[in-house]
Amino acid sequence: MRTLQEAALEASTCTRCRLAKGRTQVVYGTGSSDADLMFIGEGPGYYEDKQGEPFVGAAGQLLNRMLEEIGVRREDVRITNTVLCRPPGNRDPLPDELNACAPWLEEQIRLVDPRVIVTLGNFATRTVLGRAVSISRVRGQRFPWQGRTVIPTFPPAAILHGGGESSSQMTALRADFQEIKAALAEAPAPAEQQLGLF
Ligand code: SF4
């Protein structure tokens with residue numbers, strides 16, 4: 001099995017879908033290569049595309065703060081996205097782009113081997129669970145998946161663009177991070193359930 005660095009190097013020149021044309025760089029993922037906790041967002045935005053790191057800027061700061069609240073350091077988690085290149089104008093990724101990029105995500109999950117995966121928003125949740133779900137319905141729940149636990153929650157950007165600190169979404173995000181903390185504290189679930197694309 002190759003290393004995460006080798007996979008990232010190969011991904012950096014990927015041209016499997018049209019998103020290769022508009023990107024500054026491939027944003028493969030950052031953080032620990034053997035993290036227990038992995039976050040999967042939708043795709044790189046403007047600043048992520050420029051800096052080559054997922055979840056920078058205001059959304060990244062909110063993610064950092066939520067991690068602090070549950071006593072987890074950002075450098076100890078893995079952070080990536082469903083598509084590794086920025087969709088133009090931050091539009092939603094298209095189905096063929098998600099499919100083209102899925103092998104990169106699948107490999108990254110396999111190499112990092114996290115116990116808990118947090119999917120941020122509809123696209124990440126649907127990509128991992130492989131079914132059309134609404135984030136507002138499934139957020140905060142635990143889904144067994146390939147020997148791991150998947151917990152969907154709202155993407156930080158949705159809080160920033162929505163009601164902000166006093167919103168019900170922010171309250172839900174805080175509750176979901178407590179669920180993440182609890183899942184991390186538990187022993188790995190023995191039962192495996194095959195769901196999703198991978
Ligand atoms: S989005 Fe994924 S599949 Fe498309 S070019 Fe970038 S790395 Fe390749």
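Here the residue numbers are simple positions, counted from 1 along each chain's written sequence. Local features are withheld for residues below a pLDDT of 70 in this predicted model, meaning they are given only at 70 or higher, and side-chain atom pairs are given and counted only at 80 or more; totals for whole chains, interfaces and linings count all residues. With hydrogens and water stripped out, all remaining heavy atoms of the structure feed into the side-chain values.

Pairing of aromatic side chains requires ring centres within 6.5 Å, counting the rings of Phe and Tyr and the six-membered ring of Trp. Pairs whose planes differ by under 30 degrees are stacked, by over 60 edge-to-face, and all others tilted. Inspection of every chain in the model, using the stated rule, returns 2 aromatic pairs. Between the aromatic rings of Phe 39 and Phe 177, the centroid separation amounts to 5.9 Å while the plane-to-plane angle is 20°, which identifies the pairing as stacked. With Phe 39 in strand β2 (residues 37–41) and Phe 177 in helix α8 (residues 168–185), this residue pair connects regions lying 138 residues apart in the sequence. Residue Phe 39 shares its accessibility class with Phe 177, and that shared class is buried. Ring plane angle 90° and centroid distance 5.1 Å describe the contact between Tyr 46 and Tyr 47, whose orientation is recorded as edge-to-face. Tyr 46 sits in the partly exposed class, given a relative accessible area of 43%. Going along the chain from the N terminus, every DSSP run of H or I of four or more residues is numbered as a helix, and every run of E of two or more is numbered as a strand. Note on exposure labels: buried denotes an accessible area under 20% of the residue type's maximum, exposed denotes more than 50%, and partly exposed covers the range between, all computed with a 1.4 Å probe on protein chains only.

Turning next to the sheet that holds strand β4 (residues 116–120). Taken in spatial order, the 6 strands line up as β1-β3-β2-β4-β6-β5 in an open sheet, and their pairing is mixed. Each edge of the open sheet carries a strand with a single partner, namely β1 (30–31) and β5 (143–145). Between any two strands, pairing holds if DSSP finds at least two bridges. With 3 bridges connecting them, β5 and strand β6 (residues 148–153) associate as antiparallel partners. Considered in β6, the bridge of Phe 143 is made with Val 150. Of the strands in this sheet, β2, β4 and β6 are in contact with α8, which crosses β6 at around 170°. A contact between two residues is defined here by any heavy atoms of the two lying within 4.5 Å. Orientation is described by axes fitted as lines to C-alpha atoms, over the contacting stretch for helices, and by angles from 0 to 180 degrees between their N-to-C directions.

Once that is clear, we can look at the site of the ligand. In these notes, residues near a molecule or strand are those with any non-hydrogen atom within 4 Å of it. Residues in contact with the ligand, as listed here, are Cys 14, Arg 16, Cys 17, Leu 19, Ala 20, Arg 23, Leu 84, Cys 85, Ala 100, Cys 101 and Trp 104. For this scheme, ten residues count as nonpolar: Ala, Val, Leu, Ile, Met, Phe, Trp, Tyr, Cys and Pro. Four count as charged, namely Asp, Glu, Lys and Arg, and the remainder, Gly too, count as polar. Within the shell around the ligand, the residues separate by chemical class into 9 nonpolar, no polar and 2 charged.

Next up on the list: α8. The length a helix should cover is 1.5 Å for every residue beyond the first. Across its 18 residues, α8 extends 26 Å between first and last C-alpha, which sits within 8% of the 26 Å expected from 1.5 Å per residue. Turning to α8, its buried residues are Met 170, Ala 172, Leu 173, Asp 176, Phe 177, Ile 180, Ala 183 and Leu 184. The arc enclosing the buried residues of α8, seen along the axis, measures out at 150°, which places them on a common side. Seen from the open side of α8, the exposed residues pointing more than 90 degrees away from its buried face are Ser 168, Thr 171 and Ala 185. The elements touched by buried residues of α8 are β2, α3 (57–69), β4, β6 and α7 (156–161). Regarding the arc, it is the one traced by the directions from the helix axis to the C-beta atoms.

Attention shifts here to the environment of Glu 42. Mapped onto the elements of the fold, Glu 42 is located in the loop between β2 and α2 (46–51). Sequence-wise, Glu 42 and Asp 113 are 71 residues apart; in three dimensions their C-alpha atoms are separated by 20 Å. Leave out the neighbours within four places in its chain, and Glu 42 touches Asn 81, Thr 82, Val 83, Arg 91, Asp 92, Pro 93, Leu 120 and Phe 123.

With that settled, the discussion passes to the pairing of β2. Within β2, 5 of the 5 residues are buried, which leaves the element mostly enclosed by the surrounding structure. Burial along β2 is two-sided: Leu 37, Phe 39 and Gly 41 facing one way and Met 38 and Ile 40 facing the other are all buried. Examined bridge by bridge, β2 and β4 share 4 bridges and lie parallel to one another. In the sheet register, Leu 37 faces β4, and the bridge partner there is Val 116. In the sheet, β2 pairs with strand β3 (residues 78–81) via 4 bridges, with the strands oriented parallel. Paired with Gly 41 across the strands is Asn 81, a residue of β3.

Moving on, we get to the packing of α3 against α8. Following both chains from N to C, one finds α3 and α8 inclined at 50°, their axes separated by 9 Å at the closest point. In terms of orientation, α3 lies oblique with respect to α8. Viewed along their axes, α3 and α8 form a crossing whose handedness is right-handed. Residues Leu 62, Leu 63, Arg 65, Met 66, Leu 67 and Glu 69 of α3 pack against Met 170, Leu 173, Arg 174, Phe 177 and Gln 178 of α8. Considered class by class, the residues forming the contact of α3 with α8 number 7 nonpolar, 1 polar and 3 charged. Working definition: roughly parallel below 35 degrees, roughly antiparallel above 145 degrees, roughly perpendicular at 65 to 115 degrees, and oblique for all remaining angles. Note: crossing handedness is left-handed where the near helix turns anticlockwise from the far helix by less than a right angle, and right-handed where it turns clockwise.

Such coordinate-based values are descriptive only and should not be taken to indicate function.
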